[in-house]
Amino acid sequence: MTRQALTLALLLAGWLAVPHGAQGQPGPPPPVEAAAPVGGPTDSAAPPAPDAAAADDPWGFEDGEAEDAKVETIGDILRPQLMDVSLTVAFLSFALVSFFLKSKPLKYVTLVMAVGYLGIMKSQLVSITDLFRLVDMSFPSVRDGVTWYVFTGFTVVSTALFGRVYCGRICAFGAFTQLMDATLPARLRVEPPRWLEKRASYVKYGLLLATVVYYMATKHFAVYRYVEPFWMYTRSADVVLWSMLATLLVATVFVRNLYCRFLCPVGATLGLISLATVFGIKRWSECKSCKICQKTCEWGAIEGPRIIKAECVRCDDCERVYADQSKCPHWLIPIIRQKKIAEATAAGRPVPQFIPLDRVQGGKGG
Ligand code: SF4
Ligand code: SF4
Ligand code: SF4
């Protein structure tokens, strides 16, 4: 081998041995506009900075040793996020407890916590940007996104199991409008007629479809700011967005939960998932003719005996009536019958005949 060939071989071997900047972070970095507002942590860590020591170690021996020493454990990944994950899990657990206990006071405590903690402190809400992530198959890295996975996973699973529990007490925007509704004078409210309410509830599905299709066609990530007002917790927007938000909130004074019922694409998505609800709301056979719960529901989610799962946010209002033995005819009918039989017997009159209870109270249905 000539001297030039030996030199060339050595140079080639050296080039192969030196690392050449493999940028191993899949997926695009989040758009700048997306980083500030809602939807949890941003994805993708920045590629590692070039190591100055590499210049002194072109054969990469030290790099190899350093990489061995830097192997991360699950503990290393979780430790910096532990507080955030723990608080989120604690809040979600509290929300579930309030849901299972069907407690009105606990529900309002949950709503206040949702606004204060998830909204004002963290600005964390499930957002249509999460659907954009699904479209792009680009999710946050576990390294800094454990809370996002816990929060989003909880939302999807709880919706499939129980319906839109997320909308009923966890979403910081829905919680805000529910608190508005609870504190503003009822006389300000305008109840849209049932036919209009029903048709308007489809608008959110159209908005969901249009926004996702628009994003797929344009990749214009910041469009989310025009279809959902969740950015309000970041307190960062231009005059057009603030004007839109002000208009929405003023309208919400008169039409309760206006955005949630008619416009929210996330609510529409969760509504579609909730069609598969495993543990739905039970109904008595008396519900076929009784309208008490239908009048009680503020979400237009009861039609005769039927619960419209996609609209129901599991607010508990009808379930409290369902269990109330002083209000629900299912419990009252036997008591009234017993009373009439006792009165007739005491007065020596013929005992009144009723339709057998097992035919009236035939069963329950989800
Ligand atoms: S409908 Fe939308 S804004 Fe309303 S509670 Fe659900 S996710 Fe939140
Ligand atoms: S009050 Fe009782 S019977 Fe009437 S709709 Fe509600 S659960 Fe059914
Ligand atoms: S009152 Fe309406 S929204 Fe609330 S749990 Fe019952 S059906 Fe669902």
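See the structure shown above.
Predicted model, so just to flag it, every value in this text is computed and none were measured.

Rules used throughout
Residues numbered from 1 in each chain as written. Chains lettered and ligands numbered in written order. Predicted model: local features only at pLDDT ≥ 70, side-chain atom pairs only at ≥ 80, totals over all residues. Core = buried A, V, L, I, M, F, W, Y, C linked by C-beta atoms within 7 Å. Buried ≥ 20, exposed ≤ 12 C-beta atoms within 10 Å, placed from the backbone. Helix = DSSP H or I, 4+ residues; strand = E, 2+ residues; numbered from the N terminus. Domains from an automatic or database assignment. Contact = placed C-beta atoms within 7 Å. Near = placed C-beta within 6 Å. Nonpolar A, V, L, I, M, F, W, Y, C, P; charged D, E, K, R; others polar. Bend = angle between axes of the 7 residues up to and from the residue.

(A) A look at the nonpolar core. Residues A114, L125, Y166, C171, A172 and A175 are the most contacted members of the largest nonpolar core, which totals 53 residues. With 5 residues, helix α7 (residues 104-121) is the single largest residue contributor to this core. For this core, the domains that each give at least three residues are domain 1 (81-279) and domain 2 (281-366). The contacts of A175, once residues within four sequence positions are left out, are L111, A114, V115 and R169.

(B) How the structure looks around the site of ligand 3. Surveying the vicinity of ligand 3 reveals 15 residues, the closest of which are C297, C312, C315, D317 and C318. The element contributing the most residues to the shell around ligand 3 is helix α19 (residues 317-323), with 3 residues. In terms of residue class, the shell around ligand 3 is made up of 10 nonpolar, 1 polar and 4 charged.

(C) Quick look at the site of ligand 1. Around ligand 1 sit C167, C171, F173, G174, Y259, C260, C264, V266 and G267, and those are all the residues in its vicinity. Secondary structure elements with two or more residues in the shell around ligand 1: α11 (172-183), α16 (258-263) and α17 (265-274). When the residues that make up the shell around ligand 1 are grouped by side-chain class, the tally is 7 nonpolar, 2 polar and no charged.

(D) Examining helix α9 (residues 142-162) more closely. The largest bend along α9 reaches roughly 35 degrees and is located at W148. Within the span of α9, buried status applies to V146, T147, W148, F151, T152, F154, T155, S158, T159 and F162. Next to the buried residues of α9 lie α5 (74-78), α6 (82-101), α8 (128-136), α10 (165-170) and α17.

(E) Geometry of the environment of R194. Tracing the backbone shows R194 in helix α12 (residues 194-200). Classification of R194 by C-beta neighbours within 10 Å gives exposed; the count is 11. Considered as a pair, R194 and E303 are 109 residues apart in the sequence and their alpha carbons are 10.0 Å apart.

Everything listed is a geometric property; what it means functionally is a separate question.
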